[in-house]
Amino acid sequence: MSENFNPLKRFSYKEQVSRAITWGHYFIFINILLACLLGFSYVYAAPPTTSFLSFFYLIVSWLGHMSFLTVVVYLVIFFPLAFIGNFRYYRVLCVCIAVIMHTILLFDIKIYLLVKVHLSMTAINLIVRELDFDTGLNYNFLFIAVPILIALECVFAKITTHSLYRAHHPYFVRTVLIIVCSCFVTSHVLHIWADATKYDRITLLRSTFPAHYPMTARSFLSSHGWLNEKQLMASDSLGAEYINYPLTNLEVDPHFVNERPANVLLITLNGLSYSNLSKETTPQLLAFKEQVQSFDSHYLLYKEELNNVFAMTYGLPLQYRQGLFAGQMLPVTLEEMFKQDYVSRVIVSALKRTPQSVLPSLEGMSVSDVAMQAAAYQTDTAVAAAVDADPATDKHTDTAEGTAPEAATSTTNAISVDASADAADADAAAALARESSSPVVGETDTATANATDTTTTASMLREHAVVNATWLEAPAQFDHADQEALRRYFSLLVQNSGLRSMQFSHVHNVHEVFAQALQQIREYRLREQRPYALSLVINDLRDFDSSVQALLQSPQGPKLQAAMDEDLTSTVNPMMQSLLYYELSLEDVDQAFGKFMTQLRSQGLLDHTLVIVTAAEGNKLLAREPQIFDREVQHVPLMVLWPQEVRQKPLVGSEVHNLSSPQDLSATIAREILHVTTSVGNFSLGASLKELPDRPYVAVDGVDELILVGKENNIIYSMDGSSYIENNGERLPVRPNLENLIEATRDLNRFLR
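Owing to the predicted nature of the structure, the values given are computational and were not obtained by experimental measurement.

This part takes up the packing of helix α11 (residues 305-314) against helix α20 (residues 480-497). In contact at an axis separation of 8 Å, α11 and α20 are set at 25 degrees when each is read in the N-to-C sense. Between α11 and α20, the angle falls in the class roughly parallel. Considering the relative orientation of α11 and α20, their crossing is right-handed. Across the interface between the two elements, E305, L306, V309, F310, T313 and Y314 from α11 touch Y489, L492, L493, N496 and S497 from α20.

The structure is reproduced here in structure tokens:
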């Protein structure tokens, strides 16, 4: 037998290494194709690409990155193994390693499809640590996928072994490698450009693929002062095209269509924490608590008021805020209120020190012509209502001033400074709407005249909207800097409240808030006979210094001054003085609240009304150590008087110890007041307080961490992979619960496309 065909011939070490390296090149090439095929799952699950450029980036990133990962495995593992000098063992090891790597890829694909996160060393450690694999994920498909992978890799090994012994022209191989290399370079160049120009349709795709760290120009540009870090953080927010909110359209129980809708009265006492309730300082609030349903484990998700207002209104975490605002998506609960002809109003107390107290809430937040956008939006709605009005009936005035959604009236007086301005602007707006729309509503001569009148109506309403877009004027007693801070605060409060046709006013203190609220409720119940959603934002406890100064000038001033003089420690210790001022302000707010509720009951204005008393910001005087989540500060009261319980005499209260959060308020109003039958999970992360589940935790999306707030403590999962419990400023390491972590991540990402 010829020596060329001797099967027993032993190759030298150099020949074994050369054959192994050549075989490895072809073997890894076929695995590049397999990795790209499996990686197409990421393309399927990626956020929507709304432009050709973003779609092109997604495709080139898919081909370039998946092939790059395979080449890295070859360079790090396969190539060094070639020097073991045994071709047979080398092939067996490569097949085993390839099966393991593709199995890990399947693990990552499964997690990404469900919760939009990738495997990391921390996640792998957690999975290995949880020996029972109780992660909420189903990996039974691996019993079929792994044998298929083993069979494919054996076939690949056989094909590449045969390729060593026959002459061929690897033009196809070279062409494919050139394509994937070009895709790799192109994807990184595109990301550098998108990152520098803040083109979010591309930058938001950077986390689509596993272990993907595209090149960026951001750090270089920001370090040289060409890009602002706060603007960069804002640009990282989700766009409207990546949000699927709500998941389904809302449906209302038809049995309640003809029934009288219930009113909603929301009172937020900013600066009040649960531990501040006591018989000495808050007897009226405690008396109210004993008569209604109280939720004693209610925690604010965020430290700042405006963030919690967003959670109350939308029932969603902050990661969705920028996209919802950019897409002008309104809270579905408020949209349903507009359909049911609710009138909305917000009354805010703005004291002397309010501009300084709201500055932390304004940090890092921006408003882009909120008033102009709201006015333009309402104008478009008014014009649409005028065009769609029935020419045979005079329905335009009702539409403009009422349901859809208070369009013409809202254009001028929706968010005015005071009650007198509201009335004047309302009359002017109604007259303008009737005058400008009369050719449309009345009898028309020709279609051309209709079109001309519609254009005239649009231009007049738009011009009037621009003129009246200065509805966020601060009081004259504030200086210029404070006025600017107040304007930003009012604008952001409007944005986070989500109301497009909202009547807005601010007064000086809690007494004026309740006085104006009482007047408005009388008008809504007696004159207009419309259901209302009234929100009272009271900042007196946050601005307790200003409150005390106002109290000292009242008829009770001498008595309060005498009480302060008796407490000698207040003049020595500034902290004690702040606490004393806070208690005095709290007593004043408590008395005003009790008087307000008594007036509502005595005049029969509480009938068929849902009353919610809570806080959107805790008492920051209680903060002792810098903590990511301060349980004492963010533990606030939540007291609910249900409409059907108002007629009960005497009222009997109850306590609920299940965890609750501001996200539950919108779900409660939708389910219990608006009679929405659609599952709450389709439009909110909260739950109805009537059906509040016994949750083990409430998930909070932090800046660089995920927080699971439980009944006893809160577990913080940091981006660096660590997990700990905060305790008096100390961080106590804790073993993470993988099932809760994955479930929380899945919930937070529920409304991502």
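Our focus in this paragraph is the sheet that holds strand β12 (residues 723-727). Overall, antiparallel pairing links the five strands, which are arranged β9-β10-β11-β12-β13 in an open sheet. Either end of the sheet is taken by a strand with one partner, and the two such strands are β9 (698-701) and β13 (730-733). Averaged over all neighbouring strand pairs, the angle between strand axes comes to 30 degrees, with direction disregarded. Here strand β10 (residues 705-709) pairs with strand β11 (residues 714-718) via five bridges, running antiparallel. Its bridge partner lying in β11, I707 is registered against I716.

So, about the confidence of the model for the protein chain. Counting all residues, the mean pLDDT for the protein chain is 75, and 71% of those residues have values of 70 or more. Predicted confidence is poor over residues 131-136, with pLDDT under 50, and the contacts of this stretch with residues over four places away or in other chains come to seven contacts. Overall, residues 219-235 carries pLDDT values under 50, and its contacts beyond four positions in sequence, including any with other chains, amount to 19 contacts.

Structurally, the position occupied by D253 is in the loop between α9 (229-235) and β1 (263-269). For the buried D253, no salt bridge exists, and the shortest N-O distance to an oppositely charged side chain is 8.4 Å, to R671. Of note is the side chain of D253, whose polar atom sits 2.8 Å from the side chain of H255. Setting aside chain neighbours within four positions, we find D253 in contact with H675 and T677.

Taken together, the side chains of F68, V71, V72, L75 and V76 define a hydrophobic patch exposed on the protein surface, amounting to about 400 Å² of accessible area. Looking at where V71 falls in the secondary structure, it is placed in helix α2 (residues 52-81).

It is worth spelling out the environment of T161 at this point. By the element assignment, T161 lies in helix α5 (residues 142-163). With relative accessibility at 13%, the residue T161 sits in the buried group. Between the C-alpha atoms of T161 and W23, which are 138 residues apart in sequence, the distance is 6.5 Å. When neighbours within four sequence positions are excluded, T161 is seen to be in contact with W23 and R91.

Turning to the pattern of salt bridges, a few remarks are in order. Under the criterion given, the structure shown has ten salt bridges. Residue D694 pairs with K711 through a salt bridge whose shortest N-O separation is 2.9 Å. Taken together, the residues D694 in the loop between α27 (663-673) and β9 and K711 in the loop between β10 and β11 connect sequence positions 17 residues apart.

Procedures and definitions
Numbers given to residues run from 1 along each chain, matching the order in which its sequence is written. Totals for whole chains, interfaces and linings use all residues, but because this is a predicted model, local features are given only for residues with pLDDT of at least 70 and pairs of side-chain atoms are given and counted only at 80 or more. For the side-chain quantities, the full set of heavy atoms in the structure was used; hydrogens and water were omitted. Axes here refer to lines fitted to C-alpha atoms; in helices the fit is confined to the stretch in contact. Angles between the N-to-C directions go from 0 to 180 degrees. For the purposes of this entry, the term helix denotes a DSSP run of H or I that reaches at least four residues, the term strand denotes a run of E that reaches at least two, and both are numbered from the N terminus. Convention used here: angles under 35 degrees read as roughly parallel, angles over 145 as roughly antiparallel, angles from 65 to 115 as roughly perpendicular, and any remaining angle as oblique. Left-handed is the label given to a crossing in which the near helix is rotated counterclockwise from the far helix by less than a right angle, and right-handed is the label when the rotation is clockwise. In this analysis, two residues are considered to be in contact whenever any of their non-hydrogen atoms come within 4.5 Å of each other. Here the rule is simple: two strands pair whenever DSSP picks up at least two bridges between them. Note: pLDDT gives the predictor's confidence per residue, expressed from 0 to 100. The rule is simple: take the accessible area with a 1.4 Å probe, protein chains only, and divide by the maximum for that residue type; under 20% is buried, over 50% is exposed, in between is partly exposed. His is not counted here, nor are the chain ends, while Lys and Arg score as positive and Asp and Glu score as negative. The salt bridge definition used is simple: a Lys or Arg side-chain nitrogen within 4 Å of an Asp or Glu carboxyl oxygen. Polar contact criterion, stated in full: a pair of N or O atoms within 3.5 Å, where within protein one must be able to donate a hydrogen and the other to accept it, and residues adjacent in sequence count only if both atoms are side-chain atoms. Each patch is built from salt-bridge-free residues with over 30% relative accessible area, joining like charges within 9 Å and nonpolar side chains (Val, Leu, Ile, Met, Phe, Trp, Tyr) within 5 Å. Residue exposure ignores everything except the shown protein chains as possible cover, and the areas themselves are Shrake-Rupley values with a 1.4 Å probe.

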